[in-house]
Amino acid sequence: MTRHAKHLRLPPFSDNLPAPVVFRTACMPADAAYPRHHHAWGEFVYSFSGVMEVKVGERRYLAPSQYGLWLPPRVEHQGLNRYEACHCSVYIAAPLAEALPSATCALTLSPLIKALLEHLRRHPVQAPYPDEVTRLLRVLVDQLAAAECAGSYLPTSEDPQLSRVLAMIEATPGDNRSLGELAAAVHATERTLMRRAQRDLGMSLSEWRQRLRVVKAMPLLESGAKVESIAMDLGYASASAFIAMFRRLTGETPDEYRRGLRPAG
């Protein structure tokens with residue numbers, strides 16, 4: 001992905017952090033990427049708009065705006081975004097990072113965490129920070145440490161048959177082929193696919209396909225596309241069915257999601 005990225009960005013810190021906890025926000029153009037890198041501190045990534053994609057080894061993690069992604073210290077990773085996205089990173093020194101999960105995972109964000117991130121975004125301050133900002137950042141770290149770990153929002157699989165099915169669904173998210181039809185396409189049985197989906201994804205293929213459709217819908221909503229058009233493109237017979245699915249997975253309707261976006265920059 002880095003080889004084909006139109007915009008290559010460099011990580012802001014290489015050797016040391018200017019404070020034990022550092023908040024940084026940036027807006028990335030479409031087709032942007034950071035090179036593979038690692039650092040001695042942990043990093044929490046959150047997307048205010050758009051969907052951030054992070055690769056850890058061969059695994060891909062997606063972070064839509066109701067989740068954030070936690071990367072423990074010394075984990076090699078690469079940040080990508082296929083569409084324009086405004087995001088932030090919270091860099092956490094290794095001693096403080098011990099309170100957070102020891103493995104890369106998506107974190108379910110509370111309203112308080114989102115409010116803290118939005119406040120920090122709206123009131124940017126450069127390190128070294130005044131005492132009140134340092135206290136706010138420590139509260140944020142405490143809240144992240146208490147957040148529920150959700151694994152990967154859109155996990156992948158190395159199983160040959162299941163990975164082919166996931167690639168087929170991702171290539172045509174509006175395709176409504178049944179589980180049986182998908183299984184037949186990769187010469188597997190429905191039961192085999194169901195078992196491997198639960199084993200590797202922790203969810204059914206139906207749930208995975210709905211999550212993918214949410215991820216695909218977000219940049220379309222941000223671009224101003226009509227909800228009815230998005231629903232048709234993603235395989236729904238009606239806008240109301242798409243709205244119900246989107247609300248179940250994100251906690252808000254597509255129009256509420258769109259109203260909650262902040263202008264880039």
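Definitions and limits used
Residues numbered from 1 in each chain as written. Predicted model: local features only at pLDDT ≥ 70, side-chain atom pairs only at ≥ 80, totals over all residues. Heavy atoms only, no water. Disulfide = S-S within 2.5 Å. Helix = DSSP H or I, 4+ residues; strand = E, 2+ residues; numbered from the N terminus. Pairing = 2+ DSSP bridges. Contact = heavy atoms within 4.5 Å. Axes fitted to C-alpha atoms, helices over the stretch in contact; angles between N-to-C directions. Salt bridge = Lys/Arg side-chain N within 4 Å of Asp/Glu carboxyl O. Buried < 20%, exposed > 50% of the residue type's maximum accessible area, 1.4 Å probe, protein only. Core = buried A, V, L, I, M, F, W, Y, C linked by side-chain atoms within 4.5 Å. Phe/Tyr/Trp six-rings, centres within 6.5 Å; stacked < 30°, edge-to-face > 60°. Lys NZ or Arg CZ within 6 Å of the ring centre and 35° of its normal.

Attention shifts here to the state of the cysteines. Scanning the model with the defined rule gives 2 disulfides in all. Put simply, Cys27 and Cys86 are joined by a disulfide, and their sulfur atoms are 2.1 Å apart. Looking along the S-S bond of the Cys27-Cys86 disulfide, the torsion reads about 100°, which is the right-handed sense. In this pair, Cys27 sits in strand 2 (residues 21–28) while Cys86 sits in strand 9 (residues 85–92), placing the two residues 59 residues apart along the sequence. The partner cysteine of Cys105 in its disulfide is Cys149, sulfur to sulfur 2.4 Å.

Once that is clear, we can look at the sheet that holds strand 9. Read across the open sheet, the 6 strands follow the order 2-9-4-7-10-11; overall the sheet is antiparallel. A strand with exactly one partner marks an edge of an open sheet, and here the two such strands are strand 2 and strand 11 (148–149). One ladder, built from 2 bridges, connects strand 10 (residues 105–108) with strand 11; its direction is antiparallel. Residue pairing in the sheet places Thr108 in a bridge with Glu148 of strand 11. Of the strands in this sheet, strand 2, strand 4 (42–49), strand 9, strand 10 and strand 11 touch helix 3 (residues 131–146), which is tilted by about 80° from strand 2.

With that settled, the discussion passes to the pattern of salt bridges. For the coordinates displayed, the defined rule picks out 9 salt bridges. Arg122 is paired through a salt bridge with Glu118; the nearest N and O atoms lie 2.9 Å apart. Linking Arg122 with Glu118, this pair stays in helix 2 (residues 111–122), spanning 4 residues, or about one helical turn. Of the residues examined, Arg122 reaches a relative accessible area of 52% and is grouped as exposed. The salt bridge partner of Arg177 is Asp175, with a shortest N-O separation of 2.8 Å. Judged by relative accessible area, Asp175 falls into the partly exposed class, the value being 25%.

Attention now goes to the nonpolar core. Counting residues in each nonpolar core, the largest one holds 37 residues, and the members touching the most others are Leu201, Leu205, Trp208 and Phe242. Contributions of two or more residues to this core are made by helix 4 (160–171), helix 5 (179–185), helix 6 (190–200), helix 7 (205–222), helix 8 (227–233) and helix 9 (239–250). When residues in this core are grouped by element, the largest group, 8 residues, is from helix 7.

Scanning the entire structure with this criterion turns up 5 aromatic pairs. Geometrically, the ring pair formed by Tyr67 and Tyr153 is tilted, given 4.9 Å between the ring centres and 50° between the ring planes. Of this pair, Tyr67 sits in strand 7 (residues 67–71) while Tyr153 sits in the loop between strand 11 and helix 4, placing them 86 residues apart in sequence. The same class applies to Tyr67 as to Tyr153, namely buried. Pairing Tyr236 with Phe242 gives two aromatic rings, centres 5.8 Å apart and planes at 55°, and the pair type is tilted. Each member of the pair, Tyr236 together with Phe242, is buried. Members of the aromatic cluster, connected to one another through ring pairs, are Tyr236, Phe242, Phe246 and Tyr257. For the cation-ring pair, Arg121 lies above Phe48, with the distance from its terminal atom to the ring centre recorded as 4.4 Å. Sitting over the face of the ring of Tyr153, Arg211 holds its NZ or CZ atom 4.8 Å from the ring centroid.

Bear in mind that shape data such as this cannot, by itself, settle questions of function.
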